[in-house]
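Remarks on the overall topology
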Amino acid sequence: MILAEQEDTYGYYKAKIDFLYNEEGLRTETIFSTDDGEGYVSDELIRYEYENGRMVNEKWFFIDEGEEYLDSETVYVYDDHGNCIIAKELAEDGVPYWMTEYQYDLSVSYDAVYYFEYPDEYMFLTPSYNNMIIGYTDFYKNDNGELEIDCEYEYEYDQIFDAVEENSIEASIYPNPVKDFINIEVENMDLVELYDIFGKRLYSEKENDNVKIDMNGYAAGIYFLKIYSEGRNTVEKIIKK
């Protein structure tokens, strides 16, 4: 069942992306189509597989005259904490030609970290993690068929929650955890936004001191409310049952 669709126009043709989800709210396919004036034709797709709610396999296909051909495959490996520690992109023979290893600070929960400014659109899925990522290393397959280091990255974090506390906004948010509707009451509220854990903005409302958000259409999990009032802002975590 198609639950979401994104369509854009580029010059003489149109491009469309369809997203398919299963009953658990997990995306199973991303389908790319183009229309040169004679109707949309699918030309690429991604299929996802999951274990315990975590994406473990991602396959890219290109489509030619209705036939699917495997282009690439990525396998994700997790530790006992639910963090993706390895992402391997496999060649046709099943041997990895690109690999990423992730490092985490297990003393810090993902819920305590504000990672990035949230984009309006979120097209591609990312592997799961429950702790704060502190870096990753990319490997590539050299001429000898061996994986060697290409790049190493380290993450640095600001102490943003100290600033949030100093400029805190007095907000009433209930119920939390929430099953159906969540209420947000803030005096002189300029804007409230709801985001999922991947940074996709799901809802926004301006200049309303009493906001009621219908959560029935969202899967169980963790979400974030970003509230703005009189030049201040705060981020509040909510849990959907």
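Just so you know, these numbers come straight off a predicted model, no measurement behind them.

Quick notes on the rules
Residues numbered from 1 in each chain as written. Predicted model: local features only at pLDDT ≥ 70, side-chain atom pairs only at ≥ 80, totals over all residues. Heavy atoms only, no water. Phe/Tyr/Trp six-rings, centres within 6.5 Å; stacked < 30°, edge-to-face > 60°. Helix = DSSP H or I, 4+ residues; strand = E, 2+ residues; numbered from the N terminus. Buried < 20%, exposed > 50% of the residue type's maximum accessible area, 1.4 Å probe, protein only. Lys NZ or Arg CZ within 6 Å of the ring centre and 35° of its normal. Polar contact = N/O pair within 3.5 Å; in protein donor to acceptor, adjacent residues only side chain to side chain. Contact = heavy atoms within 4.5 Å. pLDDT = per-residue confidence, 0-100. Pairing = 2+ DSSP bridges. Axes fitted to C-alpha atoms, helices over the stretch in contact; angles between N-to-C directions.

A closer look at the packing of aromatic side chains
- Inspection of the entire model under this criterion finds seven aromatic pairs.
- Where Phe32 meets Trp60, the ring centres are 6.0 Å apart and the plane angle is 15°; that geometry is what we call stacked. Of the two residues, Phe32 is situated in strand E3 (residues 27-35) and Trp60 in strand E5 (residues 54-64); the sequence distance between them amounts to 28 residues.
- By relative accessible area, which is 22% here, Trp60 ends up partly exposed.
- Here the aromatic rings of Tyr102 and Tyr136 are separated by 5.8 Å at their centres, their planes lie at 40°, and the arrangement is tilted. Separated by 34 residues along the polypeptide, Tyr102 in strand E8 (residues 96-109) and Tyr136 in strand E9 (residues 131-141) bring together distant segments of the chain.
- Through pairs of rings, three or more aromatic residues link up here, namely Tyr102, Tyr136, Tyr153 and Tyr155.
- In this arrangement the basic side chain of Lys16 is found over the ring face of Tyr40, its NZ or CZ atom lying 4.5 Å from the centre.
- The ring centre of Phe61 lies 5.2 Å from the NZ or CZ of Arg47, which sits over that ring.

Re the side chain of Ser229
- Along the chain, Ser229 turns up in strand E16 (residues 221-229).
- Of the polar contacts made by the side chain of Ser229, one reaches the backbone oxygen of Glu187; its length is 3.3 Å.
- Within the local environment of Ser229, its side chain forms a polar contact with the backbone oxygen of Asn188, the two atoms lying 2.8 Å apart.
- Ignoring anything within four residues of it in the chain, the contact list for Ser229 reads Ile169, Val186, Glu187, Asn188, Met189 and Asp190.

Points about the confidence of the model for the protein
- Overall, the predicted model of the protein reaches an average pLDDT of 83, with 84% of residues at or above 70.
- Mean pLDDT in the protein bottoms out at helix H1 (residues 160-166), which sits at 45, and peaks at strand E7 (residues 84-90), which reaches 95.
- Low pLDDT (under 50) marks residues 1-5, which in the prediction has 16 contacts with non-local residues, meaning those over four places away or in another chain.
- Considering only residues more than four positions removed or in separate chains, one finds that residues 160-167, a stretch of pLDDT under 50, has seven contacts.

With respect to the sheet that holds strand E14 (residues 201-206)
- The strand order across the open sheet built from four strands is E14-E13-E16-E17, with neighbouring strands paired in antiparallel fashion. At either margin of the open sheet sits one strand with a lone partner, and together these are E14 and strand E17 (232-240). If you compare each strand with its neighbour and ignore which way they point, the axes differ by 15° on average.
- Summarising the sheet, strand E13 (residues 191-196) and E16 pair through six bridges and their orientation is antiparallel. Its bridge partner lying in E16, Leu191 is registered against Tyr228.

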